[in-house]
Amino acid sequence: MENIFFDIGYTSLTDLLFKVIAFLLVSGLLLYVIYLALTKIIFRKNKHRKEINLRLVFLWTIFAYFILFNVYIFVLFYRNGIDSLHWTNAKFYLGIIAHLTIYIGLLAYFFIKSHSLKKIINEKSIN
Amino acid sequence: MATPTIIIGIGTSGLYTLENAQRFYYETYKTNKPRNVEFIYIETNESNRPVGTPIGNDITRVYISLDNMAEMIAELKTSCNNPSWVPESRVVLAAGLGAGGIRACGRLAMWGRNQKGDNFGNVINAITNAYAKVMHINNNDANLAAQPTVFVTGSLTGGTGAGVFIDMGYLVRHIIQNAKDIYGLFLLPQEPKVIRGFEVMYGNAYGAIKDLEHYNKVENNYKEKWPNGFTKDLEAPPYELVQFISQDYQDGAPAISTLSGLYKMAGLYLFLNIAGIYEKRRERLVDAAGNSLIGKYGTFGLSAIQFPKDQIQELVSSQLSIELLHRLTESTEYYLNGQKRPISRASIKQSMAVVFDGILESAFATLNTVEARDLLVSIDKDSTRINKGEIKGSPVEFIIGMFTSTRNDNYHAMVNNNIKSALNVFVDNIYQQVDNAMESTENLYYAKYVLEDIVESIERTLSYWKSIGLSSQTQNWDNELRKLAIGCTKSTYKSVFEHDAVLKDRLNTIFELMKMHLSIRVLVDICKHVREGQIKLEGSNHELPKLQFFDELIKKLNALIGKTDELENGSISFARRLNDIKGDINDTTLPILRVYPSNSFSKECEKAKETYTQRSGGNVRSITEVIQQQNILNYLKQKQGGKFNEEIYLDFLKAFRLKVDTLNCIEDFNIASYIRNSTEESIRTARKATSPFLKINRVFTPSPYLPRFVVGDDTNEITDVLTAFRNQNYNDFPDTIDGKKELTDLKNIVVFYDEKGNFIPITDLSYINLMKDAYTNVPSGLADENITSERWKNNRSAYTTN
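It should be emphasised that the depicted structure is a prediction, and the values quoted were computed from it without experimental measurement. (Residues numbered from 1 in each chain as written. Chains lettered and ligands numbered in written order. Predicted model: local features only at pLDDT ≥ 70, side-chain atom pairs only at ≥ 80, totals over all residues. Heavy atoms only, no water.)

Undergrad: What should I look at first to understand helix H2 (residues 13-41) of chain A in this one?
TA: The α-helix advances 3.6 residues per turn, and as a result positions three or four apart in sequence lie on the same side. All names here are of chain A. An ideal rise of 1.5 Å per residue puts 42 Å on 29 residues; H2 measures up with 42 Å between its terminal C-alpha atoms. Of all the positions in H2, only Leu 16, Lys 19, Val 20, Ala 22, Phe 23, Ser 27, Leu 31, Ile 34, Tyr 35, Leu 38 and Thr 39 are classed as buried. Backbone geometry just after H2 places Phe 43 at a positive phi near 60°. (Helix = DSSP H or I, 4+ residues; strand = E, 2+ residues; numbered from the N terminus. Expected span 1.5 Å × (residues − 1). Buried < 20%, exposed > 50% of the residue type's maximum accessible area, 1.4 Å probe, protein only.)

Undergrad: What am I meant to see in the pattern of salt bridges here?
TA: When the charged atoms of two side chains lie near each other, side chains of opposite charge can form a pair. Residues and elements named next belong to chain B. One pass over the full model with this rule turns up 57 salt bridges over all chains. The closest approach of N and O atoms between Arg 113 and Glu 75, which form a salt bridge, is 2.5 Å. A residue pair is termed long-range when its members are at least 10 positions apart, and Arg 113 in strand E4 (residues 113-114) and Glu 75 in helix H2 (residues 69-79) qualify at 38 residues. Look at Arg 113 and you get partly exposed, because its relative accessible area is 44%. Residue class for Glu 75 comes out partly exposed when judged on its relative accessible area of 30%. Residues Asp 735 and Lys 740 are paired through a salt bridge, measuring 2.8 Å at the closest nitrogen-oxygen approach. Assessed through its relative accessible area of 28%, Asp 735 is described here as partly exposed. By relative accessible area, Lys 740 is classed as buried at 15%. Residues joined in a network through salt bridges with shared partners are Arg 23, Glu 27, Lys 30, Asp 310, Glu 314, Arg 577 and Arg 657. (Salt bridge = Lys/Arg side-chain N within 4 Å of Asp/Glu carboxyl O.)

Undergrad: Quick question: what am I supposed to make of the interface of chain B and chain A here?
TA: Interfaces are frequently sized by the accessible area removed from exposure as the parts join. Listed as interface residues are 17 residues of chain B and, on the opposing side, 16 residues of chain A. Here chain B meets chain A over a buried area of about 1500 Å², counting both sides, of which 58% is carbon and sulfur. At the boundary of chain B and chain A, one finds four salt bridges. Between Arg44(A) and Glu498(B) there is a salt bridge; the shortest N-O distance is 2.8 Å. Those elements that provide at least two residues to the side of chain B that touches chain A are helix H15 (444-467), helix H16 (474-488) and helix H17 (499-532) of chain B. The greatest single-element share of the side of chain B that touches chain A, amounting to six residues, is contributed by H17(B). Considered class by class, the residues forming the side of chain B that touches chain A number 10 nonpolar, three polar and four charged. (Contact = heavy atoms within 4.5 Å. Buried area = accessible area lost by both parts, 1.4 Å probe. Nonpolar A, V, L, I, M, F, W, Y, C, P; charged D, E, K, R; others polar.)

Undergrad: Please explain the environment of Thr715(B) as it appears in this structure.
TA: Residues and elements named next belong to chain B. With respect to the element layout, Thr 715 can be found in helix H26 (residues 715-727). Taking relative accessible area as the criterion, Thr 715 reaches 29% and is therefore assigned partly exposed. For the pair Thr 715 and Leu 743, spaced 28 residues apart in sequence, the C-alpha separation works out to 8.7 Å. Those residues in contact with Thr 715 that sit more than four places away from it in its chain are Lys 740 and Glu 742.

Undergrad: How should I be thinking about the state of the cysteines in this particular structure?
TA: Linking two cysteines covalently via their sulfur atoms produces the bond known as a disulfide. Taken as a whole and assessed by the stated rule, the structure comprises zero disulfides over all chains. Counting only cysteine sulfurs, Cys605(B) is the nearest neighbor of Cys665(B), a cysteine outside any disulfide, at a range of 12 Å. (Disulfide = S-S within 2.5 Å.)

So, in structure tokens, the structure goes:
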């Protein structure tokens, strides 16, 4: 397990796919847990419509997870040492492709969700 | 000993004379008449109404309608033995307003009966009631004489006065059988410069004088069968004494320039009689009659030296009223706590947008409850049932069923049936906003802007609702509802256990949207009511004001204060009254010399205004104070339903006069002392009284038997005046008991009165031949070419006296 989350070397395509799936599953689980917790904590007394509040909470959830993920990345790089980060080597990128997927995916997801929230609270919308 | 007196005015001139008498009485005693006097006014012109003094009006109006004249004629012919004076239907139908200058029409009006009432009965009732009133006072006051005196006044130039004046004398004799005296005071047209165009006036007057002369002769009896069933065959003349006056002076001095000046003189004469000179006159007249010095006809001369305190007070009060009313119609500024502030339209707009949001919230909140059932609680329960699957059919159909317009047992039906309560909230709150604005700013423009900006907010809201797809159409709502119901079943947030809250929230949103859909019609109606005035909307207490209401008020008030010139004909206004006062003061043809401590009317007015400002502490009065703490909006609305101009005019004038009076802004002026200092000018004025208001071809020699005296507030002062006159060799007014009359309340004026008699107008009036021509000959170029000589003469006759 430690190899999956703290090893940045590329071994095989099978391992790579396994690693990406594992990252996605863990990220999904963590997002759900954070979201569930935040829905019970923040915006409880807000007078906005419930759906809007829940969507706002989800954006905060992504943000919170993003912070956690960045902390994890820092720990990852610290443990592997500066010498293992070969930024000019294509193989290095194959090793961190799971991390990159989550990083970019989170950002993209945040903007997609914020855009859909904007659409809902648009004054011309009856919803 | 005062005498119970009834004064009857006939026709429009009779009314104006009574108004002047009432006004003089008010100016002197601050009441409209003494308790032993009644004023009655009989008129054929429905639009004429008495104008009161600042404390109101005490002239009883008796309207004798000329509607359905053909039927009136037919009935009179049957019930009164076909009197020969009754005109032909085709003649009277062309009469026009009032009696139309046809004497027989005036007479017909008094005798007739139509759907508006029994004219003859109404006149009898009015005189009987007046008689009962003065006698009731009489019975409770030992200082009053036992027999009443009646004065009948009017002009003999029109149809009404010249038509009924003889009947009126006999009618009074019939009703008040113990009448001490029945006097006539009739106005004649002045000596004509040109008679062309005035033939009706002079012809009528001649016909009337001729008829009166006929009944004044013992050999001619008044024989009529009246509509009340009485048959009269009377030998006595209709009046003990008839006094004629016109705008002319006998000595050829320039005639009184206006008819209103003549009404003023007639009014002054009647006022002096009820104020106390009647008894003094009568003592002399009895002696004069015994010595054959008066006869059946008389006239008089009257002049006065006056400090016009009342006119100054009225002018100042009018100016103060204008200033205060001007605040109501000021379009750029308003007063708050006595400070002038600009009206900021942008800030009103901004605050009204916020206010309307609040009103909308309150109105929607009232729709949450129907017959003590809280619909929001009910919707909560329904959302729980949906999530628990305790419903029949699909959730989408269930939700549609809750809010669709096609059912009559759901939330849509309940809210729709309760929409009046939302309307009440809208109307009451909007009214409240306008009312608050009116009360705090006392400015009609401000209140109008508040209303206009609330309506703008409504329109903006409606436009927004339209943009999100809402309308008042039920079909449209049902289509939108389906989309919303489908949306409710998607993304339910069950994974985070928030599905109950989310569905409840979504159903509440649909409920709010449904309220908007149902309120659209109400809000559109409010806009239509306010902007176009097409419909009438009422809340729980008030009708919603309209912009038109404010526009009309502003227009009327501007006309009332003379800011614009859009006054209805005959309406009273401050500007008109100011002009009248100034015109009256500057009218040198009136035999009244106006004197002032500062030698100037305008200086006296300025001084009075300065004193007012000083003594009232420089504070600007509020409208609420003037209208005695009433609500301004209610007050104006109530006045709009009545005689707006007259009522507002009187309310404001009365309030300011009272204040000016209470603060004693104008001091009395001792006229006797003025006369002593300006004797020559005073003698010129006194001399005017010895020339009567009538051009008679006869020299009136002074007679000690006829009334000639000076009236003032103190006998000693009058004696001083007469002494000053004697010192200048002026002796027309004798310094004897008979030559002086003290009326202690008659401040600021000294009146010179001289009565003449023993003439016969039908022969002695200097222009009687011109009048006879006008009576006899049809003028050329009349609009109605069918008028024959006979018909012309018939129109100028009302009694069978040939």
